[in-house]
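Spelled out, the chains give:
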Amino acid sequence: MSGGEPAVAVDGLVKRFGEVEAVRGIEFAVEPGEVFGFLGPNGAGKSTTINMLCTLLRPTAGRARVAGHDVVSGRDDVRRNIGLVFQDPTVDGYLTGEQNLRFHAELYGVPRAVIGDRIRQVLEMVGLWERRRDRVRQYSGGMRRRLEIARGLLHSPRVLFLDEPTVGLDPQTRASIWEYIRELKRAGRITIFMTTHYMEEAEYCDRIAIMDSGTIVALDTPEALKAGIGEDRVQLRTADDAAAIAALAERFGVRARVDEGVVTFAVPSGEAFVPRLFEGLGVPIRSVSVSRPSLDDVFMSFTGSTIRDAESGSSKDWMRLAVRGR
Amino acid sequence: MSGPSAESAEKAGTARGMAEGAAGAVPVVTRVVVPPRSFRHDLRAVRIVLHRELIRFSQDRIRMVSNLVQPVLWLLVLGTGLSNLMNGGAGAAGAVNLRTFIFPGVCAMSVMFTAMFSAGSIVWDREFGFLREMLVAPVSRSAIVVGKCLGGALVATAQGSVILALAGLAGVPYDPLLLLQLLGLMFVGALALTGFGVMLAARVPSMQAFFGIIQMALMPMMFLSGALYPLGGLPAWLSVLTRLNPLTYAVDPLRQAVFAHLRVSPDLERTFNPGVTWNGWQVPVGLEILLVLVLGVALMGVAVLEFRRGD
């Protein structure tokens, strides 16, 4: 590896589709060995950015280097050094698991002498070795995703792109996929660039970038991002929510709203605020809870929506986009 | 980190142990170095894309059978039915069975259907995401297109060989040389047709649209090709249309080959196997084959450009 070059380096990257500027001059770098989370509501430009990094889409302006190569001038070099796991399945159901991997190995020019070993290793890693002779049509959704991860790793990529790797999977499979990701990280040697809509998964990332309306609005470690919010979340159950909200605004200058049936607001130090609340609110309080800011709060404060609202997305669109390339 | 692939099998054992333990050890792996792109690498890509077509075809029994039904219907039902008519009318024609006459046409048709189906699988691959797996690989677009076309052509030829097995029913002799000739000719025709199909498939967004277009294109191509009637003595407008139809030049060599192995009077030969003429000039079989080949390569070239344009 050439010195300490970042695994992904993006500089002034822009993508326009006609009049629409989907990505507006973003900049960031991902260090080798990092697990980098890429978050944002739908239409924020995440997919467009990933497609440019994967060489599936040509940037309108700016530069991006992945695994040490420029995504435009060194397209094939980038392709040789990245692995991709898309959110939509891209395995062939008519082939067996092993045949799918063999197809990939030949397509990527993996030396013949190591193909057999390598297929066995990745299949064992995702626990599909016993099922290698079954056609993929007979696999469950979770097995297919695991097969795609195995395939993404087959040619020893330096950067692995995972687009929503656990979406639509049951909790057990999600947990095991995270187990693989953490093991890959422990083994070093690979950088993981992933998108997710699950906040608890974003917590596992070394750093997170939040994208909104074509720009990167936040980029830091999950801890730093949460600390940056600086306010605790206080939730109240009261006898009269409307009166409580009015009283909060009037007596404490705090803007509260009802969120999932609970009066919710944010204040700098929640614990110290609670006694004052009981003293001065004037509306009977049934229960109080104070919590540290979560990534959800971070996401909310930067994008104005919760990550779950952002989740209901159409992945089909970006599949079409990727295939046709515009 | 681009260390050579030497540190290979060291921990295969560890990995194996993990499989049961539902992940717990470090997944260590033979480190692979993907070589830079080369001609050899592209050849491997062609081979594997082709291989996939064959695997898929061999596992798709329904498709195999359904692609056979139509040609067999033409040959056995229509061929037999119309022979009756001819026997009743022109006594002199009785020496050539109509089934024999349409046999080469039926071979061409069966190849045509299968080739188009194979090409259509590109649309399928796109809908099911697999195309993306191929398009992000570090191989040239031409390798993928050529692999797809060769695969489609091989599959179509295999399908055509089933029709060849029925040669006896059509009064065509089982001469090994003839059968080889026919197989070769079918392959050339199939290659051109798959090229055509892949070129279409590169632009068509959905399977429905693809089959719509195919339906629209195949029927006229078949009716204007001389697959079902001889091309001599046609009215001028029809004559011109048949000469413009590329399929004509794929069907005629097949028929010439079959008739070369039949013992037929010159009179009948003139009626049933007039060949293709351009303004009175007899087009040689070699030129016909060349035309089909060139067209096939050109169509594949267009398909490659279409896929490149998407980048």
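Residues numbered from 1 in each chain as written. Chains lettered and ligands numbered in written order. Predicted model: local features only at pLDDT ≥ 70, side-chain atom pairs only at ≥ 80, totals over all residues.

(A) Focus on the overall build of chain A. When its secondary structure is counted, chain A shows 13 helices and 14 strands. For chain A, the spread of C-alpha atoms along the three principal axes comes to 75 × 45 × 35 Å. In chain A, which comprises 326 residues, the proportion classed as buried is 47%. Restricting the contact set of chain A to residue pairs at least 6 apart, pairs at least 24 apart contribute 70%. (Helix = DSSP H or I, 4+ residues; strand = E, 2+ residues; numbered from the N terminus. Buried ≥ 20, exposed ≤ 12 C-beta atoms within 10 Å, placed from the backbone. Contact = placed C-beta atoms within 7 Å.)

(B) Seen up close, helix α11 (residues 295-303) of chain A. Three or more residues of α11 of chain A are buried, namely Leu295, Asp297, Val298, Phe299, Phe302 and Thr303 of chain A. Following α11 of chain A by one or two positions, Gly304 of chain A adopts a phi angle in the positive range, close to 75 degrees.

(C) Highlighting the sheet that holds strand β5 (residues 69-70) of chain A. All names here are of chain A. Taking strand neighbours across the sheet as the criterion, the four strands line up as β2-β1-β4-β5 in an open arrangement whose pairing is antiparallel. At either margin of the open sheet sits one strand with a lone partner, and together these are β2 (20-30) and β5. Bridge analysis of strand β1 (residues 8-17) against β2 gives nine bridges, and the strand direction is antiparallel. Counterpart to Asp11 in the pairing with β2 is Glu27. (Pairing = 2+ DSSP bridges.)

(D) Broad picture of the packing of helix α4 (residues 98-127) of chain B against helix α10 (residues 246-260) of chain B. All names here are of chain B. At a closest axis distance of 8 Å, the pairing of α4 and α10 adopts a crossing angle of 135 degrees. The angle between α4 and α10 falls in the class oblique. With respect to the hand of their crossing, α4 and α10 are arranged in right-handed fashion. Contact residues: α4 offers Phe103, Pro104, Gly105, Cys107 and Ala108, while α10 offers Leu247, Ala250, Val251, Leu254, Arg255 and Val258. (Axes fitted to C-alpha atoms, helices over the stretch in contact; angles between N-to-C directions. Parallel < 35°, antiparallel > 145°, perpendicular 65-115°, else oblique. Left-handed = near helix turned anticlockwise from the far one by under 90°.)

(E) Summary view of the domain arrangement of chain A. Residues and elements named next belong to chain A. Here chain A is partitioned into domain 1 (8-220) and domain 2 (227-303). Placing a centre on the C-alpha atoms of domain 1 and another on those of domain 2 gives a separation of 39 Å. Listed by partner, the interface residues are ten residues for domain 1 and six residues for domain 2. Mapped onto the side of domain 1 that touches domain 2, the elements with two or more residues apiece are α7 (199-202), β9 (207-212) and β10 (215-220). In the side of domain 1 that touches domain 2, the residues fall into seven nonpolar, one polar and two charged. (Domains from an automatic or database assignment. Nonpolar A, V, L, I, M, F, W, Y, C, P; charged D, E, K, R; others polar.)

(F) Seen up close, α10 of chain B. Residue and element names in this part refer to chain B. Look at α10: 22 Å from first C-alpha to last across 15 residues, which is about the 21 Å you get at 1.5 Å a residue. Among the 15 residues in α10, twelve count as buried, and that is most of the element. Among all positions in α10, only Leu247, Thr248, Tyr249, Ala250, Val251, Asp252, Pro253, Leu254, Arg255, Ala257, Val258 and Phe259 are buried. Looking at the packing, one finds that the buried side of α10 touches α4, α7 (176-201), α8 (207-223), α9 (236-244), α11 (266-272) and α12 (285-309). (Expected span 1.5 Å × (residues − 1).)

(G) Quick peek at the nonpolar core. Membership of the largest hydrophobic core comes to 158 residues, with the highest contact counts inside it found for Ala150, Phe161 and Ile192 of chain A together with Ala108 and Val198 of chain B. Looking at which element gives the most residues to this core, the answer is α4 of chain B, with 17 residues. (Core = buried A, V, L, I, M, F, W, Y, C linked by C-beta atoms within 7 Å.)

(H) Highlighting the pairing of strand β3 (residues 35-39) of chain A. Residues and elements named next belong to chain A. Across the five residues of β3, five count as buried, placing the element largely inside the fold. On β3, burial covers both faces: Val35, Gly37 and Leu39 on one face and Phe36 and Phe38 on the other are all buried. As paired elements, β3 and β9 share four bridges and run parallel to each other. Pairing of Gly37 across the sheet is with Ile208, part of β9.

(I) Fine view of the sheet that holds β9 of chain A. Residues and elements named next belong to chain A. With mixed pairing, the six strands of this open sheet are ordered in space as β6-β7-β8-β3-β9-β10. Every other strand in the sheet has two partners, leaving β6 (82-85) and β10 as the edge strands with one partner each. Between one strand and the next, the sheet's axes are offset by a mean angle of 15 degrees, whatever the strand orientation. Here α11 sits on the sheet in contact with β3, β9 and β10, set at roughly 30 degrees to β9.

(J) Expanded view of the environment of Ser110 of chain B. Residues and elements named next belong to chain B. Examined against the element boundaries, Ser110 turns out to sit in helix α4. Judged by the 27 C-beta atoms lying within 10 Å of it, Ser110 falls in the buried class. Residues Ser110 and Ala190, spaced 80 residues apart in sequence, show a C-alpha to C-alpha distance of 9.7 Å. Not counting residues up to four positions away in its chain, the partners in contact with Ser110 are Asn67, Leu68, Pro71, Gln159, Gly160 and Ile163.

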